[in-house]
Amino acid sequence: MNEFKELDPLIFCQAWGLTYEEASEHLKIKARTLAAYACQGRVTRRNPSGSVKALAAMKHNNWINEGRLPQNSKILLAAA
């Protein structure tokens with residue numbers, strides 16, 4: 001599996017089977033911010049910053065290198 005330079009935090013959550021609360025601890029952001037990334041409304045929708053995407057990729061790459069396997073690797077293929 002290729003290493004990511006950036007990974008959308010929502011894809012990170014789905015791939016590893018994490019709740020927003022769990023992922024927020026790893027990504028150093030609030031769970032509410034992750035929820036805002038998922039919103040489809042124009043007022044509440046937010047886009048993740050490059051630094052959040054980079055941190056999600058770094059955490060993902062570290063876990064892969066440790067031998068962990070994501071719960072849903074198919075979603076990662078679409079993100080590559």
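About the cut-offs
- Residues numbered from 1 in each chain as written.
- Predicted model: local features only at pLDDT ≥ 70, side-chain atom pairs only at ≥ 80, totals over all residues.
- Heavy atoms only, no water.
- Helix = DSSP H or I, 4+ residues; strand = E, 2+ residues; numbered from the N terminus.
- Contact = heavy atoms within 4.5 Å.
- Polar contact = N/O pair within 3.5 Å; in protein donor to acceptor, adjacent residues only side chain to side chain.
- Salt bridge = Lys/Arg side-chain N within 4 Å of Asp/Glu carboxyl O.
- Buried < 20%, exposed > 50% of the residue type's maximum accessible area, 1.4 Å probe, protein only.

A. Looking closely at the environment of Asn61. Assignment of secondary structure puts Asn61 in helix α4 (residues 50–65). Considered as a pair, Asn61 and Ala79 are 18 residues apart in the sequence and their alpha carbons are 14 Å apart. Not counting chain neighbours up to four residues away, the residues in contact with Asn61 comprise Glu3 and Phe4. Only 2.7 Å separates the side chain of Asn61 from the backbone oxygen of Phe4, close enough to count as a polar contact.

B. Looking closely at the pattern of salt bridges. Throughout the structure, instances matching the rule amount to one salt bridge. Across the salt bridge formed by Glu66 and Arg68, the nearest N and O atoms sit 3.3 Å from each other. By relative accessible area, which is 41% here, Arg68 ends up partly exposed.

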